[in-house]
Amino acid sequence: MAVDPTRADLARFLDEDPGGPIVMLNLLRFAPEGRASYAEYTRRARQILHKYRAELVYAGDGATPLVAEEGQAWDAVLLVRYPSREAFIRMVEDPEYQQITEFRTQALSEAVLQPTTPWPTRSA
């Protein structure tokens, strides 16, 4: 199962940019003994997120799903807000970030990175 985006994934992600901030939904399934490696990744990633004005909005463990098919339960969920898709790309291409990706890759057996864009607000 895929856990890291490919160059083609990143190119498509940037090509589909509607502009503005994004919130990246991270659905994570840990490899055996992967939590410790992911904890190290997040510890090191905090400084890098700050450098690109990204913000960890939420991080939590998955519980038993209320509505899901077999195999759709996740071990953890994170929401990370980035000021733009370009900021996300710059971060993942940063040599400092590249040095810590091995911790994330080792930690996970499966992942979903789902970019989201805010819905337009309506005035009353």
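Scroll up for the structure.
Caption draft 1: Spatial organisation of the environment of P18. Here P18 is to be found in the loop between α1 (7-15) and β1 (22-30). With a relative accessible area of 56%, P18 lands in the exposed category. Through-space distance from the C-alpha of P18 to that of D75 is 30 Å; in sequence the pair is 57 residues apart. Contact partners of P18, with chain neighbours within four places excluded, come to R85 and T117.

Caption draft 2: The arrangement of helix α3 (residues 85-93) in detail. Along α3, the positions that sit buried rather than exposed are R85, A87, F88, I89, M91 and V92. On its buried face, α3 sits against α1, β1, α2 (34-51), β3 (76-82), α4 (95-98) and β4 (108-116).

Reading guide: rules and limits
- Residues numbered from 1 in each chain as written.
- Predicted model: local features only at pLDDT ≥ 70, side-chain atom pairs only at ≥ 80, totals over all residues.
- Heavy atoms only, no water.
- Helix = DSSP H or I, 4+ residues; strand = E, 2+ residues; numbered from the N terminus.
- Buried < 20%, exposed > 50% of the residue type's maximum accessible area, 1.4 Å probe, protein only.
- Contact = heavy atoms within 4.5 Å.

Structural measurements only, silent on function.
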